[in-house]
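Coordinate analysis (summary)
Below are the chains, spelled out letter by letter.
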Amino acid sequence: MARRADEQVVPTRVMLPRRVVDGPARQVAKRLMMALMVLAITVFIVWVDRVGYHDAADGKVDLLDSVYYATVTLSTTGYGDITPYSDGARLINVVLVTPLRVLFLIILVGTTLEVLTERTREDFRLKRWRTNLRDHTVVVGFGTKGRSAIQTLRATGLSKEQIVIVDPQSKVIEVANAEGFTGVVGDATRSDVLLRAELQKARQVIIATQRDDTAVLVALTARQLNRGAKIVAAVREEENAPLLRQSGADAVITSASAAGRLLGLSVLSPSAGTVMEDLIQQGSGLDLVERPVIKSEVGKSVRETEDLVVNVLRGHRLLGYDDPAASPLQLTDRLITIVRASNEPPAHPPHQGIPRS
């Protein structure tokens, strides 16, 4: 599909979750209090040892002179009109006042140093993130569908660090960052944007865009960058599902028709609708789980397994539980089962992708 000439190119950047820090006003207030505290300590030191100081104006050093001397000393101005002349005063200047002067300067320029080093720290974090990231999940779109998909993945034990969100709106990515996810701002139909999300190293891709034509372009680009990743996409119109499969999607969910079917089922049988809703809501009640056949199940029929088997995945064929070809079970088979949801997520979530035919 040709890109429209009036389309705006969205600036692309990776946004890592930020650490929780104080607000700018609070940071400035804290540093101001620290600077005033250092100034007060210096004034106190000079005032206590005032007899060791000489004022060129009248020879004596009072409280105001102590404040004045502390101010010009900490700011490294040093006019020289008030000077320490006794050995004790000079020793105190070397041991106490000089370190306080250094601390005062560090506090004053702390904000500037932080701004200058922020980019360096972010570049280091980004480089480390790219190095360590692999076999992750890329979610394109952080709307209702994308959030629900992430919620299901999290219920199976997938960590937030293994999820990367791509969305063209920076405000959406900021919300994702606030929730602890890494985000990439940009148009996911462009390969450079998906490369920033390290899609070439991803294990699975979820496409939850608002438009079907966008989903097709994203699927084409994603499949070109990663031939082995499992790609699952959502479309609004059922007529666009075949096009998405041709574009490289392993599984296509028609959101409008799926919701309509669930509504119709709930009308015919509210209890059946409740069960279906429970099945698609991972982590509570009953869950649909894909798992490999264990050695003790090899050679048995589907009905002889401990779990309630719904389908048998053999190679690229999905066999129903009542299909005569489903039994006996083979070691390379995978089972789609209904199990009681566990309160604790598994340490290693099962691979739930469906191989691409």
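Scroll up a little and you will see the structure.
Scope of this entry: the structure provided in the associated data block. As the structure is a computational prediction, the values presented were derived from the model and not from experiment.

This part is about the overall build of the chain. Of regular secondary structure, the chain possesses ten helices and 13 strands. Sorting the 357 residues of the chain into buried and exposed places 36% on the buried side. Here the contacts in the chain between residues at least 6 apart in sequence split such that 66% fall between residues at least 24 apart. A total of about 21100 Å² of accessible surface is found on the chain, and carbon and sulfur atoms cover 59% of it.

A word on the pattern of salt bridges. Close approach of charged atoms allows side chains with opposite charge to pair. This structure, assessed with the given rule, holds ten salt bridges. We note a salt bridge from Glu179 to Arg147, for which the minimum N-O separation is 3.1 Å. Placement of the pair is Glu179 in the loop between α5 (170-178) and β6 (182-185) and Arg147 in helix α4 (residues 144-155), with a sequence separation of 32 residues. In this structure Glu179 comes out as partly exposed when scored by relative accessible area, which is 31%. Among the residues examined, Arg147 registers a relative accessible area of 35% and is labelled partly exposed. Two residues, Asp192 and Arg190, come together in a salt bridge whose shortest N-O distance is 2.9 Å. By relative accessible area, Asp192 is classed as partly exposed at 30%. Given the relative accessible area of 22%, Arg190 is considered partly exposed. What you see here is one network of salt bridges that share partners, running through Arg130, Glu198 and Lys201.

Of all hydrophobic cores here, the largest spans 29 residues; its most connected members are Val138, Val166, Val184, Ile207 and Leu244. Counting residues per element, the ones that place at least two in this core are β4 (137-140), β5 (163-167), α6 (191-196), β7 (204-207), α7 (212-225), β8 (230-235) and α8 (241-246). Of the residues forming this core, the biggest block, five residues, is contributed by α7. Here Ile207 is in contact with Val140, Ala215, Val218, Ala219, Ile231, Val232, Ala233 and Ala234, once residues within four sequence places are set aside. With 14 residues, the next largest nonpolar core counts Ile150, Leu153, Leu158 and Ala176 among its residues.

The strand order β10-β13-β11-β12 describes an open sheet built from four strands, whose pairing is antiparallel. The open sheet terminates on both sides in strands that have one partner only, identified here as β10 (286-292) and β12 (317-320). For this sheet, the mean inter-axis angle between neighbouring strands, taken without regard to orientation, is 25°. Here seven bridges tie β10 to strand β13 (residues 334-340), and the two strands are oriented antiparallel to one another. Within β13, the residue paired with Glu290 across the bridge is Ile336.

Analysis parameters
Numbering of residues begins from 1 in every chain and follows the order in which that chain's sequence is written. pLDDT decides what is reported in this predicted model: residues at 70 or higher carry local features, side-chain atom pairs at 80 or more are listed and counted, and totals for whole chains, interfaces and linings draw on all residues regardless. The side-chain values count all of the structure's non-hydrogen atoms but skip hydrogen atoms and water molecules. The secondary structure listing takes helices from DSSP runs of H or I that are at least 4 residues long and strands from runs of E that are at least 2 residues long, numbered from the N terminus. The classification of residues rests on relative accessible area computed with a 1.4 Å probe and restricted to protein chains. Under 20% of the type maximum is buried, over 50% is exposed, and intermediate values are partly exposed. Any two residues whose heavy atoms approach within 4.5 Å are treated as being in contact. For every accessible area listed, the method is Shrake-Rupley and the probe measures 1.4 Å; residues are considered covered only by the protein chains on display. Only one rule defines a salt bridge in this text: a Lys or Arg side-chain nitrogen within 4 Å of an Asp or Glu carboxyl oxygen. We define a nonpolar core as any set of buried Ala, Val, Leu, Ile, Met, Phe, Trp, Tyr and Cys residues linked to one another through side-chain atoms lying within 4.5 Å. Two strands pair under a simple rule: DSSP has to find at least two bridges between them. Here, axes are lines fitted to C-alpha atoms. For helices the fit covers the stretch in contact, and angles between N-to-C directions go from 0 to 180 degrees.

The values reported here are purely geometric and, on their own, carry no functional implication.
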